[in-house]
Amino acid sequence: MSAPGSHERTVVPVSEEIARYVVAEAIWAPSVHNTQPWRFVDDGQQISLYADVDRGLPVADPDGREMMISCGAALFNARLALRRLGYVPETRVLPDPGHPALVARVSWRQRAPVCEFERRLSGQVHLRRTHRGAFDPEPVPRDLLAALCGSAARDGTALRIVADDGQRAALAATVQAAEHHLRLDAERIRELARWSPAPGSARRDGVPVTSYPRRAERTDPYFPGRDFACGHGWGMPPLSTARLPRAAGAVGLLTTVADRRENWVNAGQALQRMLLTASTCGAAVALHSQPIELPWLREFIRTQLSGGAYPHVVLRIGMAVQAADSVRRGVDDVLFPSDAAAPSSN
Ligand SMILES: Cc1cc2nc3c(=O)[nH]c(=O)nc-3n(C[C@H](O)[C@H](O)[C@H](O)COP(=O)(O)O)c2cc1C
């Protein structure tokens, strides 16, 4: 189903078509290691979003924080898809304490015209890709950074730009230390390897070799990427062999004032709003969650670099030509009718 604007549309789609369209948009959210840890249930004029705990990362993410952030990003896409259809989403986050895997319920009854900004954000859902590498040297427009900070503030979260050179270097050092630690931890490597398909794989989840560079691009300060190739040397060759200066980009921290499940879901919603906003301006964003997965480094960042707020992900924002690919499972793999067996993880 296409997503015609409300004024263009003459036929009101039935609720099943709406659910399929909404889920087809939701699944293009970012998720940690592209685990896509979500399930959707079509309740008729309402979609329930569940975390799929079988797709969690027990070693890297034992509390399910990154899983909830990923689901929050999918929730943002679902809401945006409803707006694109001219509906006003009614969202309840974590509505039932008796069902901890139930992330949100979204229903739609009222209609309102789609605004130009919503249309532009929605246009980026399938185009946006996680950037992994350095950026062109040109600085990120200040207006864009201000817009990203404004987007984060709408969900009770904050984007803190780390502009001070000393603090940038300190944050980069936490990413380096974390990456060093993760590469020495056999259990973590085994877990990462499960989400790192080999070249030529037909899998529709995990991080494909076509989405990361074979060789790290050094920047000052240096924010190393994860070794998704797990030592195999997989990845894409550089786009150009010219030795152009490359930059780390503008660096920020996505934070929340508390560290509860609803904060994690909201951090995911804010993250996706920011990523799509950046994408509308032709900017790319790299994500680093390595130091946040190690409690002592997360605590260092919280107390020394984010004013006591809880950090969730390090972002680098910049301008770059992107050739990254990504994959997703199909709608039929993640959308279930309400009369089907309840999701195993609820
Ligand atoms: C909570 C969270 C943490 C992430 N951490 C990293 C990371 O440390 N390094 C990285 O390269 N990508 C990270 N990502 C991005 C995912 O790997 C990416 O969204 C996924 O592979 C799908 O690719 P796409 O965003 O290009 O569609 C993270 C995403 C989320 C939601």
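Just above, that's the structure.
Read on for a plain summary of the structure. (Residues numbered from 1 in each chain as written. Predicted model: local features only at pLDDT ≥ 70, side-chain atom pairs only at ≥ 80, totals over all residues. Heavy atoms only, no water.)

### Comments concerning the pattern of salt bridges
So, point 1. What the rule picks out here adds up to 16 salt bridges.
So, point 2. A salt bridge links Asp-136 to Arg-246; its shortest N-O distance comes to 2.7 Å. Here the residue Asp-136 occupies a position in the loop between α3 (116-122) and α4 (142-153), and Arg-246 occupies one in the loop between α6 (186-194) and β6 (250-256), the gap between them amounting to 110 residues.
So, point 3. Using a relative accessible area of 23% as the deciding quantity, one classes Asp-136 as partly exposed.
So, point 4. Asp-185 serves as the salt-bridge partner of Arg-188, at 3.2 Å between the closest nitrogen and oxygen.
So, point 5. Members of the salt-bridge network, linked through shared partners, are Arg-39, Asp-52, Arg-55, Arg-203 and Asp-205. (Salt bridge = Lys/Arg side-chain N within 4 Å of Asp/Glu carboxyl O. Helix = DSSP H or I, 4+ residues; strand = E, 2+ residues; numbered from the N terminus. Buried < 20%, exposed > 50% of the residue type's maximum accessible area, 1.4 Å probe, protein only.)

### Quick notes on the environment of Gln-304
So, point 1. Considering the arrangement of structural elements, one finds Gln-304 in helix α8 (residues 295-305).
So, point 2. For Gln-304, a relative accessible area of 46% gives the class partly exposed.
So, point 3. Separated by 22 residues in the primary sequence, Gln-304 and Gly-282 have C-alpha atoms spaced 32 Å apart.

### Topic: the site of the ligand
So, point 1. In the vicinity of the ligand, 21 residues are found, and the nearest of them are Thr-130, Arg-132, Arg-226, Ser-289 and Arg-328.
So, point 2. Separating an oxygen atom of the ligand from a backbone N or O atom of Ser-31 is a distance of 3.2 Å.
So, point 3. Within the side chain of Ser-289, an N or O atom sits 2.8 Å from a nitrogen atom of the ligand.
So, point 4. Summarising the interface, the protein chains cover 98% of the accessible area of the ligand, which totals 620 Å² for the free molecule. (Near = heavy atom within 4 Å. Polar contact = N/O pair within 3.5 Å; in protein donor to acceptor, adjacent residues only side chain to side chain. Areas by Shrake-Rupley, 256 points an atom, 1.4 Å probe, with all protein chains shown as cover.)

### A short note on the sheet that holds strand β7 (residues 284-288)
So, point 1. In space, the four strands of this open sheet follow the order β5-β6-β8-β7, with antiparallel pairing throughout. Two strands lie at the open edges of the sheet, namely β5 (157-161) and β7, each paired on one side alone. The sheet shows a mean angle of 30 degrees between the axes of neighbouring strands, taken without regard to direction.
So, point 2. As paired strands, β6 and strand β8 (residues 310-318) are joined by seven bridges and run antiparallel to one another. Each residue of the ladder has a partner; that of Val-251, found in β8, is Arg-316. (Pairing = 2+ DSSP bridges. Axes fitted to C-alpha atoms, helices over the stretch in contact; angles between N-to-C directions.)

### Considerations on α6
So, point 1. All of the buried residues along α6 are Arg-188, Glu-191 and Leu-192. Projected down its long axis, α6 carries its buried residues within an arc of 100 degrees, all on one side. Projecting away from the buried face of α6 at angles above 90 degrees are the exposed residues Arg-190 and Arg-194.
So, point 2. Packed against the buried residues of α6 are α5 (165-183).
So, point 3. Where α6 begins, the side chain of Asp-185 points an oxygen toward the backbone nitrogen of Glu-187, at a separation of 3.1 Å. (Arc of directions from axis to C-beta. Contact = heavy atoms within 4.5 Å.)

### Digging into the sheet that holds strand β4 (residues 102-111)
So, point 1. The strand order across the open sheet built from five strands is β3-β4-β2-β1-β9, with neighbouring strands paired in mixed fashion. Where the open sheet ends on each side, the last strands, each with one partner, are β3 (87-93) and β9 (335-337). Ignoring strand direction, the axes of neighbouring strands in this sheet form an average angle of 25 degrees.
So, point 2. Taken together, the three bridges between strand β1 (residues 38-42) and β9 define a ladder with parallel strand orientation. Of the residues in β9, the one forming a bridge with Asp-42 is Pro-337.
So, point 3. Docked against the sheet, helix α1 (residues 15-26) engages β1, β2 (46-51), β3, β4 and β9, running at close to 170 degrees with respect to β1.
So, point 4. Together, β1, β2, β3 and β4 form the strand contacts of helix α2 (residues 65-84), whose direction differs from that of β3 by roughly 160 degrees.

So yeah, pure geometry; function would need other evidence.
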